[in-house]
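Residue-level listing of the chains:
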Number of protein chains: 2
Amino acid sequence: MRSSAASAVAHGLCAFTLTPTTPADEIDERAIQTLVARAAAAGVDSLGVLGSTGSYPYLTRDQRLRVATTAVEHAQGLPVLVGVGAIATRMVLDHVEDAQQAGAAGVLLPVMQYQPLTETEAYGLFEQVDANLSVPLVVYDNPATTRFSFSDDLYARVAELPNVAAIKVPPLPRDRAAARRRVEHLRGLLPAGVAIGVSGDAAACAGLLGGADAWYSVIGGTLPERAVALARAAIGGDYREAMRRDAELAPLWGFFAENGGSLRVVAAIAEELGLVRSSSLPAPLRGLDEPARIKLRALLGLV
Amino acid sequence: MRSSAASAVAHGLCAFTLTPTTPADEIDERAIQTLVARAAAAGVDSLGVLGSTGSYPYLTRDQRLRVATTAVEHAQGLPVLVGVGAIATRMVLDHVEDAQQAGAAGVLLPVMQYQPLTETEAYGLFEQVDANLSVPLVVYDNPATTRFSFSDDLYARVAELPNVAAIKVPPLPRDRAAARRRVEHLRGLLPAGVAIGVSGDAAACAGLLGGADAWYSVIGGTLPERAVALARAAIGGDYREAMRRDAELAPLWGFFAENGGSLRVVAAIAEELGLVRSSSLPAPLRGLDEPARIKLRALLGLV
């Protein structure tokens, strides 16, 4: 039987924060404290660290432990979901141990790969991690970044593992009826009690209105008030208000798509808002160039 | 001016060895010694460790240092090229330091990525690493695995960096005239003294006959006599003998293509030959299944 503890990181708005780094690629703990405290104060339901926009693959084991510890300390009692992804199972298990020691309310596990994995190999990873867990597991499907795609059959098999609390699925269709059909289809595949979480902020409104349980949100970590307003309306079933909030954010969704995904864009937002020092990404990543920043400032109402 | 030391890892047959692991995902140092000594005894020109078939992304920093140290100790004086790839520049620089300390004759650097990198970001990685090197650098372009593709312009810019000794390019066309045209085109892009190395064993014969300087060979680490015979003939310009040797290996090239690339296949070959214990791949990777092994045994003349 699934524990009720699972729900804390499987329902509502989970705000994923950046992991800003210094020019020497040390983690900027003070900036992490700021981002975490700011999201918590805005009323998010939980926090997520060390997701893709938390730069987890660019950080050492020690850095990742410090990010998790800092987040738990400054989360004002909110549950913290900690990313434990790595290319080798052995490394994932080390990160699981560290996350649990840091006080994580759950762990988030993507299928990170170098050699393309078979579904059997991916299932084996989840099985081995699940057997070594004492907190809920959120399965992270993000094919645009990891290049690994789950089949529906793999969702169903992984979701049977005892600690799996939620599946974080790739962006649902932005069409509300299509999103609802996909959520209903997934609901039929998964055991009762395993939640469905949406990612891809541009599709969050349709996903939540379509019945998804959670929004694993990138803007939740950097523009938390806007994410909270959208999530509250959509989860509360206030279609009109949710769609109004989503429409306000549409230029930002377009900007994400034009600029190669969310990490570089949200890092630039945090830099422009003065929440982190500029050049906050770990090498070899570079931030947005100046023409893109000029457009971004306009979108944010900063000019 | 480029040092003559560069040539040691930029010409002839460089045999890449596996990094066999135990069921607990510890590295099997004794098996590494066996593989390295066997390739050296067969007459290869240099050794390569911690390439893609050396499982570098699945190993910790400490494990990688021990692989490099073990290889240098057992290489019977042959130069050893050590892979230093990682997702973060900071980690690459740590691996460079370790490789140099272990006695590497050169380092091999792929563009490993999680967030897709721009060419500017990739160039920045090579520039930063080059500035921290005291041994030659082999640039590793392997888009099938890393999903990063070099443009010709990026080859040319990276090759201008002072320590770059060679570019390891993706498989050339198997057609000899087409391979020669591509080698000549690359030769025109690169500064004099920067070598062209071929990878993709199935295309090695055409590449060497077409004028490439080096073969970075996967089978060189596991079936070294066959690789040496092919390389000697092709480098010596003995077309007939080279093509005969290549034709003998054609069923194996087909088997690589059918089985998702070279790592799982060469690991199975080493297992079948008793060079490493079976189940020699780090989790979550699994070896070939039994139907594939039955076919492989037949190809190897083991049944």
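Residues numbered from 1 in each chain as written. Chains lettered and ligands numbered in written order. Predicted model: local features only at pLDDT ≥ 70, side-chain atom pairs only at ≥ 80, totals over all residues. Heavy atoms only, no water.

### Topic: the overall build of chain A
Then step 1. A tally of regular secondary structure across chain A gives twelve helices and eight strands.
Then step 2. Taken over the C-alpha trace, chain A has a radius of gyration of 18 Å; the compact-globule value for 303 residues is 19 Å, and the two agree within 12%.
Then step 3. Structurally, chain A occupies a C-alpha span of about 50 × 45 × 35 Å along its principal axes.
Then step 4. The buried share of chain A, taken over its 303 residues, is 60%.
Then step 5. Looking at chain A as shown, the accessible area adds up to about 10,900 Å², and 51% of this sits on carbon and sulfur atoms.
Then step 6. With 27 positive and 32 negative side-chain charges, chain A shows a spacing of 5 Å between the two charge centroids. (Helix = DSSP H or I, 4+ residues; strand = E, 2+ residues; numbered from the N terminus. Rg over C-alpha atoms; globule rule 2.2 N^0.38 Å. Buried < 20%, exposed > 50% of the residue type's maximum accessible area, 1.4 Å probe, protein only. Areas by Shrake-Rupley, 256 points an atom, 1.4 Å probe, with all protein chains shown as cover. Lys, Arg positive; Asp, Glu negative; His and termini not counted. Charge placed at Lys NZ, Arg CZ, Asp CG, Glu CD.)

### Some words on helix H10 (residues 239-258) of chain B
Because an α-helix completes one turn every 3.6 residues, residues spaced three or four positions apart along the sequence face the same direction.
Residues and elements named next belong to chain B.
Then step 1. Under the 1.5 Å per step criterion, the end-to-end length of H10 is 27 Å for 20 residues, consistent within 8% with the ideal 28 Å.
Then step 2. At leucine 249, H10 shows its maximal bend, which comes to roughly 45 degrees, and the proline proline 251 appears one to four places after that position.
Then step 3. For H10, every residue scored as buried is listed here: Ala242, Asp246, Leu249, Leu252, Trp253, Phe255 and Phe256.
Then step 4. Close packing links the buried residues of H10 with helix H8 (204-209), helix H9 (224-235), helix H11 (263-272) and helix H12 (290-299).
Then step 5. Among the residues trailing H10, glycine 260 stands out with phi positive, at a value near 70 degrees. (Expected span 1.5 Å × (residues − 1). Bend = angle between axes of the 7 residues up to and from the residue. Contact = heavy atoms within 4.5 Å.)

### What about the pairing of strand E6 (residues 164-169) of chain B?
Residue and element names in this part refer to chain B.
Then step 1. Along E6, six of the six residues are buried, which leaves the element largely enclosed by surrounding structure.
Then step 2. Judged from the four bridges that link them, strand E5 (residues 137-140) and E6 form a sheet pairing that is parallel. In the sheet register, valine 139 faces E6, and the bridge partner there is isoleucine 167.
Then step 3. Where E6 meets strand E7 (residues 195-198), four bridges bridge the pair, whose relative direction is parallel. (Pairing = 2+ DSSP bridges.)

### Remarks on the packing of helix H6 (residues 152-159) of chain A against helix H7 (residues 176-189) of chain A
All names here are of chain A.
Then step 1. The interhelical angle for the contact between H6 and H7, taken along N-to-C directions, is 50 degrees, at an axis separation of 9 Å. In terms of their interaxial angle, H6 and H7 are classed as oblique. Where H6 crosses over H7, the two elements pack in a sense that is right-handed. Of the residues in H7, those in contact with Asp152, Tyr155 and Ala156 of H6 are Arg182, His185, Leu186 and Leu189. (Axes fitted to C-alpha atoms, helices over the stretch in contact; angles between N-to-C directions. Parallel < 35°, antiparallel > 145°, perpendicular 65-115°, else oblique. Left-handed = near helix turned anticlockwise from the far one by under 90°.)

### A closer look at the sheet that holds E7(B)
Then step 1. Taken in spatial order, the eight strands of this closed barrel run E1-E2-E3-E4-E5-E6-E7-E8 (chain B), and their pairing is parallel. Direction aside, the axes of adjacent strands within the sheet are offset by 25 degrees on average.

### A short note on the UniProt feature "active site" (unreviewed entry) in chain A
Residue and element names in this part refer to chain A.
Then step 1. Cross-referencing UniProt, the feature "active site" (unreviewed entry) maps to Tyr140 and Lys168 in the present numbering. These annotated residues cover 29 residues of sequence, but their C-alpha atoms sit close together, with the largest distance between any two at 4.9 Å.
Then step 2. Inspection of the secondary structure assignment puts tyrosine 140 in strand E5 (residues 137-140).
Then step 3. Given a relative accessible area of 5%, tyrosine 140 falls into the buried group.
Then step 4. Setting aside residues no more than four positions away along its own chain, tyrosine 140 makes contact with Ser52, Leu108, Leu109, Pro110, Val111, Phe150 and Lys168.
Then step 5. For tyrosine 140, the side chain forms a polar contact with the side chain of serine 52, separated by 2.8 Å.
Then step 6. One can find lysine 168 in strand E6 (residues 164-169).
Then step 7. For lysine 168, a relative accessible area of 6% gives the class buried. (UniProt positions renumbered as here; feature names shortened; annotations may be inferred. Polar contact = N/O pair within 3.5 Å; in protein donor to acceptor, adjacent residues only side chain to side chain.)

### Thoughts on the nonpolar core
Then step 1. By size, the foremost hydrophobic cluster in this structure holds 207 residues, and its most contacted members are A:Trp215 and B:Trp215.
Then step 2. Discounting residues that sit within four places of it in the chain, A:Trp215 has contacts with A:Gly12, A:Leu13, A:Cys14, A:Val198, A:Asp201, A:Ala204, A:Leu208, A:Ala227, A:Leu230 and A:Ala231. (Core = buried A, V, L, I, M, F, W, Y, C linked by side-chain atoms within 4.5 Å.)

### Regarding the packing of aromatic side chains
Then step 1. The tally for this structure, following the rule as stated, stands at twelve aromatic pairs over all chains.
Then step 2. A ring pair is formed by A:Tyr114 and B:Tyr56, whose centres lie 5.2 Å apart and whose planes are at 70 degrees; its orientation type is edge-to-face. Note that A:Tyr114 is positioned in the loop between strand E4 (106-110) and helix H4 (119-130) and B:Tyr56 in the loop between strand E2 (46-49) and helix H2 (61-74), a pairing that runs across two chains. For the pair formed by A:Tyr114 and B:Tyr56, the shared burial category is buried. (Phe/Tyr/Trp six-rings, centres within 6.5 Å; stacked < 30°, edge-to-face > 60°.)

### A few points about the interface of chain B and chain A
Then step 1. With 35 residues of chain B at the interface, the matching set in chain A holds 35 residues.
Then step 2. Per-residue buried area on chain B facing chain A is highest for B:Arg90, B:Tyr114 and B:Gln115; these three make up 24% of the total on that side.
Then step 3. Counting the contacts that link chain B with chain A gives four salt bridges.
Then step 4. For the pair chain B and chain A, the interface holds 18 residue pairs in polar contact (both at pLDDT 80 or more).
Then step 5. Elements supplying a minimum of two residues to the side of chain B that touches chain A: helix H3 (89-102), helix H4 (119-130), helix H5 (143-146) and H11 of chain B.
Then step 6. With five residues, H4(B) is the single largest residue contributor to the side of chain B that touches chain A.
Then step 7. Its residues assigned to classes, the side of chain B that touches chain A shows 17 nonpolar, eleven polar and seven charged. (Buried area = accessible area lost by both parts, 1.4 Å probe. Salt bridge = Lys/Arg side-chain N within 4 Å of Asp/Glu carboxyl O. Nonpolar A, V, L, I, M, F, W, Y, C, P; charged D, E, K, R; others polar.)

### As for the sheet that holds E4(A)
Then step 1. Around the barrel, which closes on itself, the eight strands sit in the order E1-E2-E3-E4-E5-E6-E7-E8 (chain A) with parallel pairing between neighbours. Neighbouring strand axes in the sheet, compared pairwise and without regard to direction, differ in orientation by 25 degrees on average.

### Re the pattern of salt bridges
Then step 1. Under the definition given, this model contains 39 salt bridges over all chains.
Then step 2. Across the pair B:Arg90 and A:Glu26 runs a salt bridge whose closest N-O atoms are separated by 3.3 Å. One end of the pair, B:Arg90, is in helix H3; the other, A:Glu26, is in the loop between strand E1 (12-16) and helix H1 (29-42), on a second chain.
Then step 3. Among the residues examined, A:Glu26 registers a relative accessible area of 35% and is labelled partly exposed.
Then step 4. The salt bridge partner of A:Arg182 is A:Asp152, with a shortest N-O separation of 3.1 Å. Residue A:Arg182 is found in helix H7, and its partner A:Asp152 is found in helix H6; the two are separated by 30 residues along the sequence.
Then step 5. For A:Arg182, a relative accessible area of 27% puts it in the partly exposed group.
Then step 6. Accessibility expressed as a relative area gives 23% for A:Asp152, which makes it partly exposed.
Then step 7. Via salt bridges that share partners, A:Glu271, A:Glu272, A:Glu290, A:Arg293 and A:Arg297 belong to a single interconnected network.

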